[in-house]
Amino acid sequence: MGDAPVTTGTLLGGKVVYRQFPTGNRTGLEPVLMAAFVPARAGEVVLEGGCGAGAGLLCLTNRVPRLTGVGLEQDPATATLAHHNLALNGRHGLRVHVASIPALPDDPLLSGPGVRRIDHAFANPPWHGHDSSASAHMQRDLARRLPAGTLVAWVRTLAAQLRHHGTLTLALPASLLSASIAAMEDTRLGRIRIFPFWPRQGHAARIVLVQGRANSRAGSEMLPGLTLHETSGEFTPAARAVLEDGAPLMPHA
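Reading the values: rules and limits
- Residues numbered from 1 in each chain as written.
- Predicted model: local features only at pLDDT ≥ 70, side-chain atom pairs only at ≥ 80, totals over all residues.
- Heavy atoms only, no water.
- Axes fitted to C-alpha atoms, helices over the stretch in contact; angles between N-to-C directions.
- Helix = DSSP H or I, 4+ residues; strand = E, 2+ residues; numbered from the N terminus.
- Parallel < 35°, antiparallel > 145°, perpendicular 65-115°, else oblique.
- Left-handed = near helix turned anticlockwise from the far one by under 90°.
- Contact = heavy atoms within 4.5 Å.
- Nonpolar A, V, L, I, M, F, W, Y, C, P; charged D, E, K, R; others polar.
- Salt bridge = Lys/Arg side-chain N within 4 Å of Asp/Glu carboxyl O.
- Buried < 20%, exposed > 50% of the residue type's maximum accessible area, 1.4 Å probe, protein only.
- Pairing = 2+ DSSP bridges.
- Core = buried A, V, L, I, M, F, W, Y, C linked by side-chain atoms within 4.5 Å.

A. Layout of the packing of helix 5 (residues 150-159) against helix 6 (residues 177-186). Where helix 5 meets helix 6, the axes come as close as 9 Å, and the angle between the chain directions of the two elements is 40°. Here helix 6 runs oblique to helix 5, going by the angle between their axes. Remark: the crossing between helix 5 and helix 6 carries right-handed chirality. Of the residues in helix 6, those touching helix 5 at L151, V152 and V155 are A179, S180, A183 and M184. For the contact of helix 5 with helix 6, a count of residues per class yields 6 nonpolar, 1 polar and no charged.

B. Quick look at the pattern of salt bridges. Evaluation of the coordinates by the stated rule reveals 4 salt bridges. Here R191 ties to E221 by a salt bridge, and the two come within 3.1 Å at their closest N and O atoms. Of this pair, R191 sits in strand 10 (residues 189-200) while E221 sits in strand 12 (residues 221-222), and the two are 30 residues apart along the sequence. The exposure class assigned to R191 is buried, which follows from its relative accessible area of 17%. One connected set of salt bridges, linked through shared partners, spans E44, D119 and R163.

C. Molecular detail of the pairing of strand 11 (residues 207-214). Counted residue by residue, strand 11 has 8 buried out of 8 residues, so it is predominantly covered. The alternating pattern of strand 11 places I207, L209, Q211 and R213 and V208, V210, G212 and A214 on opposite faces, both of which are buried. In this structure, strand 10 lies alongside strand 11, joined through 7 bridges in antiparallel fashion. Across the sheet, the residue bridging to F197 is I207, located in strand 11. Adjacent in sequence and paired antiparallel, strand 10 and strand 11 are bridged by 6 residues, among which G202 carries a positive phi angle near 90°.

D. Looking closely at helix 5. Where burial is concerned, most of helix 5 is hidden: 8 out of the 10 residues are buried. When helix 5 is considered as a whole, its buried residues turn out to be T150, L151, A153, W154, V155, T157, L158 and A159.

E. Looking closely at the nonpolar core. Formed by 42 residues in total, the largest nonpolar core has its most connected members in V46, L60, F195, F197, L209 and L249. Sort the elements by how many residues they give to this core and helix 2 (residues 55-63) lands first, with 5 residues. With residues up to four places along the chain from it excluded, the contact list for L249 reads L33, A36, F37, F195, F197, L209, L226 and V242. Formed by 29 residues, the second largest nonpolar core is a distinct cluster that contains A121, W154, A183 and L189.

Printed below as a string of structure tokens:
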């Protein structure tokens, strides 16, 4: 991290110590919610694309023990901070690579004697089109703007790392739902599960999780979803169970 300043906070109600840069792209709810949907089991291998400072990996490994794997982050300073956060929380089975997702080869990222392919990949890609207003802060701009065709490249590249029936989970705005489903279907991901988040009861979902399973022929599922806030603005009990206690969004199936 060099001399770059960082702020220290926590995730999951204090279960995870989390440091991030005070300016640029700040971590929101999406990585925590996404990690709660990944159907990982103890001892499996995971991959996070665009891991930022490591929030998603930290939350997932808080819930599921003995995971190994890798986070990919294109900004070197942010990748260094993610490595620091993983070490700070004792996540010694995980490492961080400096890499751009679309630039990865289609070959398995982790290879060698006794090395398994990825059981579960997940990512929170940039949400805004490349023609949207640029941020003056380089790290924030990298995390926010999605060049044309990049979502398809993210899905294709991450899906290529999966074992048979491995899963890919994406956290996206509802506006990218149809594009993400089309990209998954084109990449032989089936049993696509959609999990919406309602800001308040009666309001349209803004955030969705989309999950596909490699080489599955099962049809799509629209899941019940989760209401995040009461009318008072406080988190609902179900949302607090995920965001503070680290509960999964769904049982394994």
